[in-house]
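So you can see what is in the structure, the chains are spelled out below.
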Amino acid sequence: MAVETKTTCPYCGVGCGVIARVDDDGAVSVKGDPDHPANLGRLCSKGSALAETIDLDGRLLHPEIDGRRAGWDEALDRVVQRFSAVITEHGPDAVAFYVSGQLLTEDYYVANKLMKGFIGSANIDTNSRLCMSSSVAGHRRAFGSDTVPGCYEDLELADLVVLTGSNLAWCHPVLYQRLAAAKAARPGMKVVVIDPRRTMTADIADLHLAIRPDGDVALFNGLLAHLAKTTAIDENYLAAHTEGFGEAFAAASGMSFPELMDRTGLGASELRQFFGLFERTEKTVTCYSQGVNQSSSGTDKVNAILNCHLATGRIGRPGMGPFSLTGQPNAMGGREVGGLANMLAAHMAIENAEDRDRVQRFWGSPTIADRPGLKAVDLFEAVAEGSIKALWIMATNPVVSMPDADAVEAAIKACPFVVVSDVLKTTDTARHAHVLLPSLGWGEKDGTVTNSERRISRQRSVLPAPGEARADWWQLSEVARRMDFSGFDYRSPAEVFDEHAALSAFENDGSRDFDIGDYAGLDREIYETLAPFQWPAPLNGSKAPASNPPLGGTKPDSARRFFANGGFYHPGGRARFVAVTPAETDRTNAEYPFTLNTGRIRDQWHTMTRTGKSARLSSHIAEPYAELHPRDAIDIGVGNAGLIEIASPHGKAIVRALITQRQARGNIFVPMHWNDQFAAKARVDALVPPLTDKFSGQPASKNVAVSARPFLASSYGFAVSVEKPVAPQADYWAIARAEGGWRAELAFAREVVDWPAWCRQTFALPSDVEPLGYADRQTGDLRLAFFDGDRLLAALFLAREPVAVARNWAVSQLSAEHGNLRKRFTLVAGRPGAGRPDPGATVCSCFSVGVNQIVGAVRKGCHSVEAVGETLNAGTNCGSCRAEIRGIIDGCLAAAAE
Ligand SMILES: Nc1nc2c(c(=O)[nH]1)N[C@H]1C(S)=C(S)[C@@H](COP(=O)(O)OP(=O)(O)OC[C@H]3O[C@@H](n4cnc5c(=O)[nH]c(N)nc54)[C@H](O)[C@@H]3O)O[C@H]1N2
Ligand SMILES: Nc1nc2c(c(=O)[nH]1)N[C@H]1C(S)=C(S)[C@@H](COP(=O)(O)OP(=O)(O)OC[C@H]3O[C@@H](n4cnc5c(=O)[nH]c(N)nc54)[C@H](O)[C@@H]3O)O[C@H]1N2
Ligand code: SF4
Ligand SMILES: [Mo]
C-alpha cells in the first residue's frame, strides 16, 4: 500500500509542507501539503521536482579515506585521531567546522555543542555567514536580539509591500504566489521592487526602482529624512519604545536631494513616488534578502530599513514590519542553535559571561568558548595560512560558494586534514577531502527546520538510508563520544530536539526571544507527529501540549508577532536606531569598468548537486550566462548567444551572453550555480573578492568590479548524448541533464583535428561505432551522429557561429526511434522534421512547455496567462513561470502593435 508522509521541502526558507508518497514499488511522488500554513498546498518548480532528485546516481554510499572505501569505525576513528592530535599539539583553535543552513536543527545543535562546549573553540561558522549574517547583525543592533518580528500573512494583509534586494518570484516562489494572489484579490495593494535589474519579481510591481548597486543606505536614509517631515512618524512609539532617533535622523538628513539622486541612481519623480507611498501607507511590509545582506554595507542597509519601520511604529502589527527573508530551509534553525561563530546557543551571546555560564551549566561541559570564532572568510584564510590544520565541512560546497573561490580551493587542498560530509561523492569540495562521510539526504533524514516566519516543521524520512549513509547528527555525536565527551548519547533526533527546546527555556523567563520550552520533554510519539508551529511558543507556561495546536486557531494575533508594544531585548527594553551613512564608493575603474552582480535562477538550487539531476529543472536555463544591457553588448562587441569572458583580479569565467533591456547599463548579472561539475569555467565566486561587511563578516557577493570582453571561438557546438560527457576537451563547455541523457554547449578556440575521435572520447562511445554525418568546409558546419541500431547515442552540431539547432528537438531525438535512414538524415540536418515543431526553450518546467509553443498560443488569441494555461497547461501547476509567460505575451502583443 502506498504510504503518504508529511514532510518539508529542503530548498528555500519559505519552508513549504510537502506530502511525499511512496508506492509499493518504491516510486516516490510529491505534492504540496494543503494543511501546511506556509504554502497551503502550493509548491514551486523545485519543490514539485523533488522526486526527480533523489536517485542514487552519484551518491556517496560509504565512508572513504584517501579515496578508498572504509568502514564507519575506521573513518570516525581517523577523524577523532587527527582532530585530537591537532588539538593536543596546537590548541582547540587550530581546528574548525564549516557547516550549513541545510542541516537540520538537530544536526546543527550537536555541531555547535561539540565545538563550543567540548572542543572549546568557537571556530564553527556556516554558509549562513554568506547569507543572513548582516540581517542577524542588524537585528541585534536594533532589537537587542536576532528576531524576525513578522509572519507571511503580513504580506497578504499589507497595503504596500516593498521588496528590496529580493527576487521573490524566483527565490521564494510560493511566498511570491501568495503575494500575487493577494494583490489580484485586492488591486489597491501596491508593490515596489528595488533591484538594479528588472527581475521577474518586478512584473507585479507598481514601481520598480532600478537602484544603483549598494545605493540602499542612501535610499532608506532619504526615506527616513522624508518621513521625519511628515505625520507618518509615530511619536508615541518613538517615545515609549525606542532610543537614538535624533542621531539616526541627523545622519540621514545630511544628504541633499541631488546627492540622493546620484547615490541611488534614481530620478526625482521615482524617489518622490516611493517616499509618498511609504509615507501614506501605514500597512507597509519591507522584505529584504541578498541584495541587502550580501554587501560591504549590508548591516547598515538592514538598519537603514529597520530605522524607517521603527520611526513609523510599523512593526509587529498585522500587515506591517520589516521582514528578512531567509534563504536556506534552516537558516533560522541555525540561528536558534547559535551556529554562527559569534553566537552561542538558543539566542544567547558568546560575549556575555552570564550566558556562557548558563550554557556551560546546562551542557555540563568541561569548557565553553569565551570569544567569537573565525567568520567564514577569515576561517578559510586561516586554513590557507596554516593556522587551522583540521577542517570538517558539512552540507555546503565552499569551493563553489565562497568568495575568492580559487583561493578557498587552494586552501582546502593545502589543509593537512579535511573531512567532508555530503550526500554526493563528487563535488568541487568533496574531491579534496581526506575523509568523506556519507550523509542522509532529503527524504531520508529526520528532524526539524525553521522557516523565515519562525515556523518549526518536521522533515521526516520516507525512504530507507541508502548504502551506509548516516545522519549528520549521528556522525557528530559519534566523533564526540569517541573523544570521550559525555552528553552525546543521543539515540534519535527527538532526544536532541528535546535538549534544544529545554535550553531555549533554561533560566529564560522572558529574557530571550527564542523560547520553545513547552516543546521540551515531548513524548517521542508527539515529536513524530508534531505539526508545524511558530515561536514564541510557550503556551502560557503550561506543560507540554498533548498535541500542538495549529497556529492561528487558539492564540491571539499579537502572540505571533514581536514588538508591536515594544519589549525589545536591549537592557531597558528599547529598540535602538542606528545612525548610518552611505559608504563612499569609487565607481570608476578603468581596468574593471563593469559591476558584476550574482544571484539565483528559478530552477537551480545553489551548486546544483540536487536540482542539476532533474532534466525538467535543467531545461529552463541549461547553461551559465551573463545578463547584460544591449548598449554594453555593442560596446564590448558581443552578440546575442555569443560567449563572454568576465574577469576580476581574482579570477575569470566564460559564459553565454544574454542581452536584455532588463539589465541596467554597466551591470552584468551571472548566476552563482554553475561549477566545475557542470561547466568549464563558470564558478562565478572565483571572481568575487573576499571583501566583507565590517559588522557581520558577510561577503559582498553582489557588487564586484569586473572587465568583460567577447570570448572568440573558432567554432561553436551543441551536442546531445546518452552518456554523461566526460571532461570535454573544449575551451567552453556546459553540460546539463536532459530527458534521456545529457546536453552540452561547446566552443573551441582552435580546430579539433579528428572530430569522430573527440566524440568517442567525450561521449564514452564504443570505439567501433561509426558516425553518420557531413562537413561543409566552406561554412564550417559539421554534423555527426552516432547510432546503436535505431537508437541515437550522441549527436554533435558544429558551426562557426553559435549553433542554431533547436535544442529541445535535438534532445527529443535521444528518446526517439531512428528506424529508417531518412530519420537519421533529418537528425544530421539538424532541423525538426516536418510536423514536429520545435517547442523552444522550456518556460514551464512542470508541463515542459517551450517558448515557441507559448508564442504560438498567443498568436492564436490567448492574450492572458490564464488563457495560455487553458490551452497549454503552462503555468497552471506551480505557477513559478507565470511572470515569464506574462512577459512573453506582452512581448508578442507589443511586437504585433508595432
Ligand atoms: N531558485 C532558487 N531559489 C532560492 C535559492 C536558489 O539557489 N535557487 N537559494 C535560497 C537562498 S540560500 C537564498 S539566500 C535566497 C536568496 O534570495 P534573493 O536574495 O531574492 O536572491 P538573489 O538572486 O541572490 O538576489 C536578489 C536580488 O538582489 C539584487 N541586488 C543586487 N545588488 C543589489 C543592491 O545593491 N541593492 C538591491 N536593492 N538589490 C540588489 C539582485 O539583482 C537580485 O535580483 O534564495 C533562496 N531561494
Ligand atoms: N557569488 C555568490 N556566491 C554566493 C551567493 C551569491 O548570491 N552569490 N549566495 C551565498 C548563499 S546566500 C548561500 S546560502 C551559499 C550556498 O552555497 P552552498 O551551501 O555551498 O551550496 P549548496 O549547493 O546548497 O551546498 C550544499 C552541499 O551539501 C550537500 N548536501 C545536501 N543535503 C545534505 C545533507 O543533508 N547533509 C550533508 N552533509 N550534505 C548535504 C549537497 O550535495 C551540497 O554539496 O552560497 C553563497 N555564495
Ligand atoms: S517555495 Fe519552492 S523551494 Fe521554497 S520551500 Fe516552497 S516548494 Fe520548496
Ligand atoms: Mo542563502
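Criteria and thresholds
- Residues numbered from 1 in each chain as written.
- Chains lettered and ligands numbered in written order.
- Predicted model: local features only at pLDDT ≥ 70, side-chain atom pairs only at ≥ 80, totals over all residues.
- Heavy atoms only, no water.
- Helix = DSSP H or I, 4+ residues; strand = E, 2+ residues; numbered from the N terminus.
- Rg over C-alpha atoms; globule rule 2.2 N^0.38 Å.
- Buried < 20%, exposed > 50% of the residue type's maximum accessible area, 1.4 Å probe, protein only.
- Contact = heavy atoms within 4.5 Å.
- Areas by Shrake-Rupley, 256 points an atom, 1.4 Å probe, with all protein chains shown as cover.
- Lys, Arg positive; Asp, Glu negative; His and termini not counted.
- Charge placed at Lys NZ, Arg CZ, Asp CG, Glu CD.
- Near = heavy atom within 4 Å.
- Polar contact = N/O pair within 3.5 Å; in protein donor to acceptor, adjacent residues only side chain to side chain.
- Nonpolar A, V, L, I, M, F, W, Y, C, P; charged D, E, K, R; others polar.
- Pairing = 2+ DSSP bridges.
- Axes fitted to C-alpha atoms, helices over the stretch in contact; angles between N-to-C directions.
- Core = buried A, V, L, I, M, F, W, Y, C linked by side-chain atoms within 4.5 Å.
- pLDDT = per-residue confidence, 0-100.
- Phe/Tyr/Trp six-rings, centres within 6.5 Å; stacked < 30°, edge-to-face > 60°.
- Salt bridge = Lys/Arg side-chain N within 4 Å of Asp/Glu carboxyl O.
- Domains from an automatic or database assignment.
- Buried area = accessible area lost by both parts, 1.4 Å probe.
- UniProt positions renumbered as here; feature names shortened; annotations may be inferred.

Peer 1: I would appreciate a short explanation of the overall build of the chain in the present structure.
Peer 2: Looking only at helices and strands, one finds 30 helices and 34 strands in the chain. Taking 2.2 N^0.38 as the reference for a compact globule, 898 residues should give roughly 29 Å; the C-alpha atoms of the chain span a radius of gyration of 27 Å, in line with that estimate. Overall, the chain is about 80 × 70 × 60 Å in size when its C-alpha atoms are taken along their principal axes. Here the chain, with 898 residues, has 63% of them falling under the buried criterion. A sequence separation of at least 24 residues applies to 71% of the contacts in the chain between residues at least 6 apart. Taken as a whole, the chain presents about 31700 Å² of accessible surface, with 50% of it coming from carbon and sulfur. The positive charge centre, built from 92 side chains, and the negative charge centre, built from 105, are 3 Å apart in the chain.

Peer 1: Looking at this structure, I do not really get the site of ligand 2. What am I missing?
Peer 2: As a structural note, the neighbourhood of ligand 2 is formed by 31 residues, with S401, D422, K445, T607 and D685 the closest of them. D472 has a polar side-chain atom sitting 2.8 Å from a nitrogen atom of ligand 2. Contact with the protein chains covers 99% of the free accessible surface of ligand 2, which is 920 Å². In terms of residue class, the shell around ligand 2 is made up of 8 nonpolar, 16 polar and 7 charged.

Peer 1: Is there a simple way to explain the sheet that holds strand 13 (residues 321-324) in this structure?
Peer 2: Strand-to-strand pairing in sheets goes through backbone hydrogen bonds, with the strands running parallel or antiparallel. Reading across from one edge, 10-9-8-12-13 is the order of the 5 strands in this open sheet, with parallel pairing throughout. Every other strand in the sheet has two partners, leaving strand 10 (207-209) and strand 13 as the edge strands with one partner each. Within the sheet, the average angular offset between the axes of one strand and its neighbour, ignoring direction, is 15°. Two strands pair when backbone bridges link them, and strand 9 (residues 190-194) and strand 10 are joined in this way by 3 bridges, in the parallel orientation. Pairing of V193 across the sheet is with H208, part of strand 10.

Peer 1: Please explain the nonpolar core as it appears in this structure.
Peer 2: Soluble globular proteins tend to pack their nonpolar side chains together in the buried interior. Ranked by size, the top nonpolar core spans 125 residues in total, and within it I644, I646, I668, L746, W755 and W758 carry the most contacts. With residues up to four places along the chain from it excluded, the contact list for W755 reads S715, F748, L782, L784, L796 and L798. Grouped together as the second largest cluster of nonpolar side chains are 117 residues, Y108, L344, I456 and A575 included.

Peer 1: Just to check I follow, could you spell out the confidence of the model for the chain for this structure?
Peer 2: Predicted coordinates in regions of low pLDDT should not be interpreted in detail. On average, residues of the chain score 93 in pLDDT, and 96% of them reach the 70 mark or higher. Here residues 539-557 is a poorly scored stretch, pLDDT under 50, and it has 29 contacts once near neighbours within four places are set aside; other chains count.

Peer 1: Just to check I follow, could you spell out the packing of aromatic side chains for this structure?
Peer 2: Aromatic ring pairs are reported here in terms of the distance separating the ring centres and the angle at which the planes meet. According to the stated counting rule, one finds 30 aromatic pairs in the structure shown. Relative to F563, the ring of F143 lies with its centre 4.8 Å away and its plane at 50°, an arrangement referred to as tilted. Of this pair, F143 sits in helix 4 (residues 133-143) while F563 sits in the loop between strand 19 (533-534) and strand 20 (575-576), and the two are 420 residues apart along the sequence. According to the relative accessible area criterion, F563 is buried, its value standing at 3%. Put simply, the rings of F143, F514, W535, F562, F563, F568 and Y569 pair up and form one aromatic cluster.

Peer 1: Could you clarify how one ought to interpret unusual backbone geometry in this entry?
Peer 2: What you tend to see is this: most non-glycine residues have negative phi, and most peptide bonds are trans. Phi at D484 takes a positive value of approximately 70°, unusual for a residue other than glycine. The topology assignment puts D484 in the loop between helix 20 (472-482) and helix 21 (493-505). A positive phi angle, near 30°, is found at A727, a position not held by glycine. Relative to the assigned elements, A727 resides in the loop between strand 27 (715-721) and strand 28 (732-738).

Peer 1: What should I look at first to understand the site of ligand 3 in this one?
Peer 2: Taken together, C9, Y11, C12, G15, C16, L43, C44, K46, G47, P173 and V174 make up the full set of residues near ligand 3. Those elements that provide at least two residues to the shell around ligand 3 are helix 1 (45-48) and helix 7 (173-185). In terms of residue class, the shell around ligand 3 is made up of 8 nonpolar, 2 polar and 1 charged.

Peer 1: Would you mind going over helix 20 with me for this structure?
Peer 2: Each turn of an α-helix holds 3.6 residues, which means side chains three or four residues apart point in the same direction. Counting buried positions along helix 20 yields 9 of 11 residues, so the element is predominantly enclosed. All buried positions along helix 20 are accounted for by D472, W473, W474, Q475, L476, S477, E478, V479 and A480. Directly after helix 20, the chain includes D484, whose backbone phi takes a positive value near 70°.

Peer 1: Would you take a moment to explain the environment of L814 for this structure?
Peer 2: Within the secondary structure, L814 sits in the loop between helix 26 (807-812) and helix 27 (821-829). Beyond its immediate chain neighbours, meaning those up to four positions away, L814 contacts V720, S721, V722, E739, G740, G741, W742, L792 and L793.

Peer 1: How should the pattern of salt bridges be read in this particular structure?
Peer 2: Pairs can form between side chains of opposite charge once their charged atoms are near each other. All chains considered together, the criterion is met by 67 salt bridges. One salt bridge connects R431 with E409, and the closest N-O pair in it is separated by 3.6 Å. Linking R431 in the loop between strand 15 (417-422) and strand 16 (435-438) with E409 in helix 19 (residues 405-414), this pair joins segments that are 22 residues apart in sequence. By relative accessible area, R431 is classed as partly exposed at 40%. A single salt-bridge network, built from bridges that share partners, covers D73, D77, E478, R481, R482 and D489.

Peer 1: For this particular structure, what's the right way to read the domain arrangement of the chain?
Peer 2: Accessible area lost on assembly of the parts is the figure often given for the size of an interface. When the domains of the chain are assigned, the result is domain 1 (3-53), domain 2 (64-130 + 342-546), domain 3 (133-325), domain 4 (594-710), domain 5 (715-829) and domain 6 (842-897). Measuring from the centre of the C-alpha atoms in domain 3 to the corresponding centre in domain 4 gives 27 Å. Facing the 24 residues of domain 3 at the interface are 26 residues of domain 4. Taken over both partners, the interface formed by domain 3 and domain 4 buries close to 2000 Å², and the fraction arising from carbon and sulfur atoms is 49%. On the domain 3 side of the contact with domain 4, W170, R197 and Q294 bury the most area, a combined 37% of that side's loss. Remark: the boundary between domain 3 and domain 4 carries 2 salt bridges. Put simply, D203 and R662 hold a salt bridge, and the shortest N to O gap is 3.3 Å. Our count for the domain 3 to domain 4 interface comes out at 12 residue pairs in polar contact (both at pLDDT 80 or more). For the side of domain 3 that touches domain 4, the secondary-structure elements that each account for two or more residues are helix 4, helix 6 (168-171), helix 13 (290-293) and helix 14 (298-311).

Peer 1: How should the environment of A757 be read in this particular structure?
Peer 2: With respect to the element layout, A757 can be found in helix 25 (residues 755-762). Placed 13 residues apart in sequence, A757 and E770 show a C-alpha to C-alpha distance of 10.0 Å.

Peer 1: Looking at this structure, I do not really get the UniProt feature "domain: 4Fe-4S Mo/W bis-MGD-type" (unreviewed entry) in the chain. What am I missing?
Peer 2: As recorded in UniProt, the sites labelled "domain: 4Fe-4S Mo/W bis-MGD-type" (unreviewed entry) are residues 2-58. Between the C-alpha atoms that bound residues 2-58 there is a distance of 27 Å. The span itself is 7% helix and 30% strand.

Peer 1: When you look at the side chain of S504 in this model, what are you seeing that I'm missing?
Peer 2: Relative to the elements of secondary structure, S504 occurs in helix 21. Residue classification places S504 among the buried residues on the basis of a relative accessible area of 0%. In contact with S504, not counting residues within four places along its chain, are A346, R512, F514, D515, I516 and G517.

Peer 1: I would appreciate a short explanation of the side chain of D422 in the present structure.
Peer 2: Relative to the helices and strands, D422 is located in strand 15. At 7.4 Å, R59 is the nearest oppositely charged side chain to D422, a buried residue that forms no salt bridge. Among the polar contacts listed, one links the side chain of D422 to the backbone nitrogen of L424, at a separation of 3.0 Å.

Peer 1: Explain the pairing of strand 27 to me, please; I cannot follow it from the model alone.
Peer 2: Side-chain positions along a regular strand alternate between the two faces of the sheet. Buried residues dominate strand 27, accounting for 7 of its 7 residues. With 7 bridges connecting them, strand 27 and strand 29 (residues 741-748) associate as antiparallel partners. The residue of strand 29 that forms the bridge with V720 is R743. When strand 27 meets strand 32 (residues 791-799), the two strands line up antiparallel, connected through 6 bridges. Across the sheet, residue G717 finds its bridge partner in strand 32, namely L798.

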